[in-house]
Amino acid sequence: MALRTIRTEGDPVLTKVCRPVAEITPRIRTLVEDMLDTMYDACGVGLAAPQVGILKRIAVVDVGTEEPEPVILINPEILESSGEQTGDEGCLSVPGKAGTVTRPNYVKVKAFDLDMKEMIYEGEGLKARAFCHEIEHLDGKLYTRLVEGELHDVSYEEEPEDTEGD
Ligand code: ZN
């Protein structure tokens, strides 16, 4: 378990298309553990492998409200999407900023888990937003290209104001 350095906008690794995972190796398991540690440490709701410099199709999501959490997405694909939501979105790779982005309000995602078992996940609201955001990272796309209007500054409190369920 370890924290990895989060790459920020301007780093070319964030603009590359990631390669699918062919098999789960000990190295992949360690990467996923480190990604979870890194996401929680940064108080994010999702993290994609290219954000820690690894060009593989792996992302983790934990919006803190719905089971199962965290969701580990290996080679994820969006199967269905519907509805629309418009709201503030941010990214650990674009620190201190947020912007208004319109996303589907519901998505259904197919992905493999750490046993290479095919899983189906559904997300609404924030979870749907996180699924879309993280999966786009795997194609080298940042949310900033979708922002309506200007990015604005967000100030973080010293202590994260997370509303954990327990
Ligand atoms: Zn992001």
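Residues numbered from 1 in each chain as written. Predicted model: local features only at pLDDT ≥ 70, side-chain atom pairs only at ≥ 80, totals over all residues. Heavy atoms only, no water.

For Cys43, the position within the fold is in the loop between α1 (26–41) and β1 (46–48). Separated by 19 residues in sequence, Cys43 and Asp62 place their C-alpha atoms 10.0 Å apart. (Helix = DSSP H or I, 4+ residues; strand = E, 2+ residues; numbered from the N terminus.)

Take the sheet that holds strand β5 (residues 97–103) next. Taken together, the three strands give an open sheet; going across it, the order is β4-β5-β8, and neighbouring strands pair in antiparallel fashion. Of all the strands in the sheet, just β4 (85–89) and β8 (148–153) have a single pairing partner and so form its edges. Strand-to-strand twist across the sheet, computed as the mean angle between neighbouring axes with direction ignored, equals 25 degrees. Relative to β5, β4 runs antiparallel, the two sharing five bridges. The residue of β5 that forms the bridge with Gly87 is Val101. Against the sheet, helix α2 (residues 126–137) touches β4 and β5, its axis set at about 65 degrees to β4. (Pairing = 2+ DSSP bridges. Axes fitted to C-alpha atoms, helices over the stretch in contact; angles between N-to-C directions. Contact = heavy atoms within 4.5 Å.)

Take the coordination of the zinc ion next. The zinc ion binds to the protein through Cys91 (SG), His133 (NE2) and His137 (NE2), with metal-donor distances spanning 2.0 to 2.2 Å. As a motif over one chain, the donors of the zinc ion read C-x41-H-x3-H. You can see His133 and its partner His137 sitting in helix α2, four residues apart, about one turn around the helix. Comparing His133 with His137 shows no difference in burial state: the two are buried. (Donors = N, O, S within 2.8 Å, 3.2 Å for Na, K, Ca; no water. Buried < 20%, exposed > 50% of the residue type's maximum accessible area, 1.4 Å probe, protein only.)

Glancing now at the sheet that holds strand β7 (residues 118–124). A sheet is described by the order of its strands in space; here five strands give the open sequence β1-β2-β3-β6-β7, paired in antiparallel fashion. Two strands in the sheet have a free side with no partner beyond their single neighbour: β1 and β7. Taking the axes of each pair of neighbouring strands and ignoring which way they run, one obtains an average angle of 35 degrees across the sheet. For strand β3 (residues 71–82) and strand β6 (residues 106–112), the ladder comprises six bridges, and the chain directions are antiparallel. Across the sheet, the residue bridging to Glu80 is Lys108, located in β6. Each of β1, β2 (58–61) and β3 is contacted by α1, which is oriented at about 40 degrees to β2, the strand it contacts most. Across the sheet, α2 is in contact with β1, β2, β3, β6 and β7; its angle to β7 comes to roughly 125 degrees.

These figures come from the coordinates and say nothing about function on their own.
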